[in-house]
Amino acid sequence: MNHSSLLRRQAPTAALAAGVLAITLFVHADPASLDLSITVAVFSLLALSVAASYGQAGVLSVAQAAFAALGGYATAIATTRWDLPVLAGLAAAVAVPVLVAYPLARLVSRLSHLALAIATLVFGEIVVILLREGGDLTGSYIGISAIPSLPWAEDLFSYHLFAWAVVVAVTALYANLVRTSHGRSLQTIRYDVLRARADGVNVARRTAAVFSFSAGIAGVAGWLYAHHLKYLAPESLPSALSITAILMAVVGGSRYVLGPVVGTTVLVFVQNALPSEAAQGLLYGSALVVALLAAPDGLLGLARQAWTALRGRPRRRPPSPDQAGPPTPAQPVPEEVTR
């Protein structure tokens, strides 16, 4: 791989790192802003997990909060019940959601989008019930307290830096994925399953793999969340949070690498400025309607359209049915995620 290709592939990661450094200059002395920044980082990981499955392969999962809960409880149990180090908790927080997600994906990936979403939503509710009925292992309804802090991030400022370093690392991994042959095969699956099968792609296995990858990202979010709060209960990561994560990814642009982070940042800061939960619910509902009607490609897609218009280069429109010829067997897959 040449240097220009690497720079182009990781341009979103570099932009995110620069943005984090710029924001850090303004929030480093304010504990409330640092705490809010850590929340944005955790939710950004959840939104990135949605983008990895839905934005790439079209797998709409409503179980990302459940995977985050599994990751959070895995590290909480490992560090409080078994006195293992926090890095062992990280390994458990990634491994447990991945091992649960792969067989689940093999079972539900052949369902329609609506049926798959319902199936994953039911799975999320089952996880909450199991955590509530887990007895001494999960703390039942009370939850688990005294979760140790990270030794290298014991204050808010260092935790802010570490949390965003994790987001940058996951973004780099995600940006690399969408440019590889695996990523392009996932985009083909999203737009044309028959074409993907004709190309020799094992659709069920590839879909299950990306679903597990997204579950692992959610597990990392749960790990960060648990060690930040130092307390975890079944209601800490409810199933409704999965819908919020989907909304964040869609508003920002689920097919763009930085779309989930942008959507999370905008919605969390606007939500924080609203006075009541009713107003926040109205915000989420309005944001979803606006995103689906006015900006189906999210805020980054809208920004790209505006930039194209300012440069005086109108976007190409697909030919009308009477102008289009017969489809060729090698039509390219859209590459919005790489921009």
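In this text, all values refer to a predicted model and were calculated from it rather than measured experimentally. (Residues numbered from 1 in each chain as written. Predicted model: local features only at pLDDT ≥ 70, side-chain atom pairs only at ≥ 80, totals over all residues. Heavy atoms only, no water.)

A. Up close: the nonpolar core. Counting residues in hydrophobic clusters, the biggest one holds 86 residues, and the most contacted among them are Leu45 and Phe67. A per-element tally of this core places helix 3 (residues 31-57) first, with 14 residues. Setting aside residues no more than four positions away along its own chain, phenylalanine 67 makes contact with Ser61, Pro97, Val100, Ala101, Leu104, Phe123, Phe211, Ala215, Ala218 and Gly219. (Core = buried A, V, L, I, M, F, W, Y, C linked by side-chain atoms within 4.5 Å. Buried < 20%, exposed > 50% of the residue type's maximum accessible area, 1.4 Å probe, protein only. Helix = DSSP H or I, 4+ residues; strand = E, 2+ residues; numbered from the N terminus. Contact = heavy atoms within 4.5 Å.)

B. The arrangement of the packing of aromatic side chains in detail. Tallied over the entire structure, the rule returns four aromatic pairs. A centroid spacing of 6.0 Å and a plane angle of 70 degrees characterise the contact between phenylalanine 162 and tryptophan 223, whose relative ring orientation is edge-to-face. Of this pair, phenylalanine 162 sits in helix 7 (residues 156-179) while tryptophan 223 sits in helix 10 (residues 203-229), placing them 61 residues apart in sequence. Take phenylalanine 162: its relative accessible area is 21%, and that puts it in the partly exposed class. An aromatic cluster is built from Phe67, Phe123 and Phe211, whose rings are joined through pairwise contacts. A cation over an aromatic ring shows up here: arginine 190 above the ring of tyrosine 54, its NZ or CZ 5.0 Å from the ring centre. (Phe/Tyr/Trp six-rings, centres within 6.5 Å; stacked < 30°, edge-to-face > 60°. Lys NZ or Arg CZ within 6 Å of the ring centre and 35° of its normal.)

C. Structural detail: the packing of helix 3 against helix 12 (residues 259-273). With their axes 8 Å apart at the nearest point, helix 3 and helix 12 run at an angle of 135 degrees to one another. By the criterion of interaxial angle, the relationship of helix 3 to helix 12 is oblique. Judged by the twist between their axes, the crossing of helix 3 over helix 12 is right-handed. Where helix 3 abuts helix 12, its residues Leu36, Val40, Phe43, Ser44, Ala47, Leu48 and Ala51 lie against Pro260, Val261, Thr264, Thr265, Val268, Phe269 and Asn272. Along the lines of polarity and charge, the residues of the contact of helix 3 with helix 12 split into ten nonpolar, four polar and no charged. (Axes fitted to C-alpha atoms, helices over the stretch in contact; angles between N-to-C directions. Parallel < 35°, antiparallel > 145°, perpendicular 65-115°, else oblique. Left-handed = near helix turned anticlockwise from the far one by under 90°. Nonpolar A, V, L, I, M, F, W, Y, C, P; charged D, E, K, R; others polar.)

D. Representation of the side chain of threonine 24 in the model. Mapping threonine 24 onto the fold places it in helix 2 (residues 11-27). Overall, the relative accessible area of 8% leaves threonine 24 in the buried class. From its side chain, threonine 24 meets the backbone oxygen of valine 20 in a polar contact 2.7 Å long. Sequence-distant contacts of threonine 24, defined by excluding residues within four places in its chain, comprise Phe157, His160 and Leu161. (Polar contact = N/O pair within 3.5 Å; in protein donor to acceptor, adjacent residues only side chain to side chain.)

E. Geometry of the pattern of salt bridges. Evaluation of the coordinates by the stated rule reveals two salt bridges. Taking the shortest distance from any N to any O, the salt bridge between arginine 195 and aspartate 199 comes out at 3.0 Å. The exposure class assigned to aspartate 199 is partly exposed, which follows from its relative accessible area of 46%. (Salt bridge = Lys/Arg side-chain N within 4 Å of Asp/Glu carboxyl O.)

F. Just unusual backbone geometry, in detail. Positive phi is not limited to glycine here, since aspartate 83 has a value of about 55 degrees. Looking at where aspartate 83 falls in the secondary structure, it is placed in the loop between helix 4 (64-81) and helix 5 (86-108). A relative accessible area of 65% means that aspartate 83 is categorised as exposed. Unlike most non-glycine residues, lysine 230 shows phi in positive territory, near 65 degrees. Position of lysine 230 among the secondary structure elements: in the loop between helix 10 and strand 2 (231-232).

G. Looking closely at the packing of helix 4 against helix 6 (residues 113-132). The interhelical angle for the contact between helix 4 and helix 6, taken along N-to-C directions, is 30 degrees, at an axis separation of 9 Å. Between helix 4 and helix 6, the crossing angle belongs to the class labelled roughly parallel. For the pair helix 4 and helix 6, the sense of crossing is left-handed. Between helix 4 and helix 6, the residues in contact are Ala66, Phe67, Ala69, Leu70 and Tyr73 and Phe123, Gly124, Val127 and Leu131, respectively.

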